[in-house]
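Observations on the three-dimensional arrangement
Spelled out from the first residue to the last, the chains are:
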Amino acid sequence: MTYDLVALVDGRPSSDDVLAGLAAAGEDLGVRAVSGGAVIQLCDEEERPLVSIELPLLVQVPGEVERMLGTEPGTVDTPAWWVEIRASALEGARELAEKYADTLVSRLGGKVWTSSGLGPAVAASEGTH
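Along each chain, numbering runs from 1 in the same order as the chain's sequence is written. Totals for whole chains, interfaces and linings use every residue, but because this is a predicted model, local features are given only for residues with pLDDT of at least 70 and side-chain atom pairs only at 80 or more, for both listing and counting. Hydrogens and water molecules were not included; the side-chain quantities draw on all heavy atoms of the structure.

Stacked, edge-to-face and tilted are the three classes for Phe, Tyr and Trp ring pairs, Trp counted by its six-membered ring, which pair at centre distances within 6.5 Å; planes under 30 degrees apart are stacked, over 60 edge-to-face, the rest tilted. Tallied over the entire structure, the rule returns zero aromatic pairs. It is Arg 94 that lies over the ring of Tyr 3; its NZ or CZ is 3.9 Å from the centre. A positively charged side chain is recorded as over a ring if its NZ (Lys) or CZ (Arg) lies within 6 Å of the ring centre. The angle to the ring normal must also be within 35 degrees.

Below you can see the structure in the form of structure tokens.
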């Protein structure tokens with residue numbers, strides 16, 4: 001079963017932000033682009049995908065984030081950049097996805113959503129999703 005996160009960041013992630021997130025997740029991981037470059041995957045030494053990261057999308061319509069995630073209105077200010085992150089069921093993948101999301105939010109501001117709800121980046125690293 002996969003584990004999904006959405007990093008809702010205040011600024012457009014630059015290539016430096018993406019690289020910082022990848023490095024925080026693990027410098028020994030393989031990286032590959034799939035779906036014509038729309039998705040980046042972090043892979044283990046056997047080239048199995050651990051985490052998939054989609055290209056950021058700009059959400060400009062007030063209330064759209066809440067509608068898509070099902071959270072209460074007013075929890076996320078727009079515009080916001082939506083970065084969807086999916087961890088595979090492989091051991092350690094969830095933690096890698098959380099590190100990536102936390103790094104983006106720490107650099108750019110914003111919140112991390114998981115199936116347990118919405119919170120600041122520190123919530124992911126403390127396991128309080």
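A separate point is the pattern of salt bridges. One side chain can pair with another of opposite charge once the charged atoms of both are near each other. A pair is scored as a salt bridge if a Lys or Arg side-chain nitrogen falls within 4 Å of a carboxyl oxygen belonging to Asp or Glu. For the structure on display, the rule yields seven salt bridges. Put simply, Glu 98 and Arg 94 hold a salt bridge, and the shortest N to O gap is 3.3 Å. In this pair, Glu 98 and Arg 94 are both assigned in helix 3 (residues 93-108), four residues apart and thus about one turn of the helix distant. The class for Glu 98 is buried, based on a relative accessible area of 9%. Linked through salt bridges whose partners overlap, the residues forming this network are Asp 4, Glu 84 and Arg 86. Only DSSP runs of H or I with at least four residues qualify as helices, and only runs of E with at least two residues qualify as strands; both kinds are numbered from the N terminus onward. Burial status follows relative accessibility: with a 1.4 Å probe on protein chains alone, a residue under 20% of its type maximum counts as buried, one over 50% as exposed, and anything between as partly exposed.

An axis is simply a line fitted to the C-alpha atoms; with a helix, the fit covers only the stretch in contact. Between two such axes, the angle follows the N-to-C directions and lies from 0 to 180 degrees. Look at helix 1 (residues 15-25) against helix 3: their axes get within 8 Å of each other, and the N-to-C directions meet at 140°. The two elements helix 1 and helix 3 meet at a crossing, and its hand is right-handed. Of the residues in helix 3, those in contact with Asp 16, Asp 17, Val 18, Ala 20, Gly 21, Leu 22, Ala 24 and Ala 25 of helix 1 are Leu 96, Lys 99, Tyr 100, Thr 103, Leu 104, Arg 107 and Leu 108. Crossings are classed by handedness, with left-handed meaning an anticlockwise turn of the near helix from the far one by less than a right angle and right-handed meaning a clockwise turn. The contact definition used throughout considers only heavy atoms, calling two residues in contact when any of these lie within 4.5 Å.

What follows concerns unusual backbone geometry. That bond from Thr 78 to Pro 79 is cis: its omega, 5°, falls within 30 degrees of zero. Relative to the elements of secondary structure, Pro 79 occurs in the loop between helix 2 (64-69) and strand 6 (80-87). At Ser 35, a residue that is not glycine, the phi angle is positive and equals roughly 55°. Checked against the element boundaries, Ser 35 lands in the loop between strand 2 (30-34) and strand 3 (39-43). Taking the relative accessible area as the measure of exposure, Ser 35 reaches 59% and is therefore exposed. Unusually for a residue other than glycine, Glu 47 sits at a positive phi of about 65°. Considering the arrangement of structural elements, one finds Glu 47 in the loop between strand 3 and strand 4 (49-54).

Here we come to the layout of surface pockets. Cavity means a closed set of points on a 1 Å grid over the protein atoms alone, one where a 1.4 Å probe fits but cannot get out, pocket means an open set with protein on both sides within 12 Å along at least 5 of 7 lines, and lining means a residue has an atom within 4 Å of a point. Grid points are joined across faces, edges and corners, and a volume is the space filled by probe spheres set on the points. What the largest pocket holds in volume is close to 150 Å³. What lines the largest pocket is a set of 14 residues, among which Pro 13, Val 18, Glu 54, Leu 55 and Pro 56 lie closest to the centre. At the level of elements, strand 3, strand 4, strand 6 and helix 3 are the ones that each hand at least two residues to the lining of the largest pocket. Three classes are used, and their members are as follows: Ala, Val, Leu, Ile, Met, Phe, Trp, Tyr, Cys and Pro are nonpolar, Asp, Glu, Lys and Arg are charged, and the others, Gly among them, are polar. Of the residues belonging to the lining of the largest pocket, the class tally is 12 nonpolar, no polar and two charged.

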